[in-house]
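Analysis of the macromolecular model
Here is what each chain is made of, one letter per residue.
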Amino acid sequence: PCPLCHPQLEGLCSFLQLSTCPEHLLVRFCGWLLALTPDLSYTSAAALAEQLFLRRVLSLTQPPSRHLMAALASFCSKYSQPFCQVLVAAVLREMGEGA
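Structure report, in brief. (Residues numbered from 1 in each chain as written. Predicted model: local features only at pLDDT ≥ 70, side-chain atom pairs only at ≥ 80, totals over all residues. Heavy atoms only, no water.)

1. Remarks on the state of the cysteines
Applying the stated rule across the entire model yields zero disulfides. Cysteine C76 is unpaired, with the sulfur of C84 as its nearest cysteine sulfur at 6.1 Å. When its relative accessible area of 23% is taken as the criterion, C76 is described as partly exposed. When its relative accessible area of 40% is taken as the criterion, C84 is described as partly exposed. (Disulfide = S-S within 2.5 Å. Buried < 20%, exposed > 50% of the residue type's maximum accessible area, 1.4 Å probe, protein only.)

Okay, here's the thing in structure tokens:
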């Protein structure tokens, strides 16, 4: 469970299986997020970044697919600060622990 999630958002993430959905659907979901008005709050965007990308990024053993890169680019075009707070911090922390 993500520490930043509101219970409703966590339930939605689980219901939609966002952390494990196929990457081509991830691209479509992120495209839908771009059209969302009003924008998500910082907390909600950070929670979604964690649900959508964290496990995928940390488990990469080869370069990311074009679908994953497209989803990341789409998400970051609107929610770059929450993305960086969640993903970049986690990747740097993981790299530090592995060093």
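Additional details are given in the paragraphs that follow.
2. Remarks on helix α2 (residues 23-35)
Helix length check: α2, at 13 residues, gives a terminal C-alpha distance of 19 Å against a target of 18 Å (1.5 Å per residue), a fit within 8%. Burial in α2 covers these residues: L26, F29, C30 and L33. The buried residues of α2 occupy one face: seen down the axis, they fall within an arc of 100 degrees. Among the exposed residues of α2, those pointing more than 90 degrees away from its buried face are R28 and A35. (Helix = DSSP H or I, 4+ residues; strand = E, 2+ residues; numbered from the N terminus. Expected span 1.5 Å × (residues − 1). Arc of directions from axis to C-beta.)

3. Let's talk about the packing of aromatic side chains
Going through the model one piece at a time under the given rule, you end up with five aromatic pairs. Here F29 and W32 contribute two aromatic rings whose centre-to-centre distance is 5.5 Å and whose plane-to-plane angle is 35 degrees, an arrangement assigned as tilted. Note that F29 and W32 are positioned in helix α2 at a spacing of three residues, about one turn of the helix. The partly exposed category is assigned to W32, whose relative accessible area is 49%. An angle of 70 degrees between the planes, with centres 5.4 Å apart, marks the rings of F53 and F75 as edge-to-face. With F53 in helix α3 (residues 42-58) and F75 in helix α4 (residues 66-98), this residue pair connects regions lying 22 residues apart in the sequence. Taking relative accessible area as the criterion, F75 reaches 2% and is therefore assigned buried. Connected via pairs of aromatic rings, a cluster forms that spans F53, F75, Y79 and F83. (Phe/Tyr/Trp six-rings, centres within 6.5 Å; stacked < 30°, edge-to-face > 60°.)

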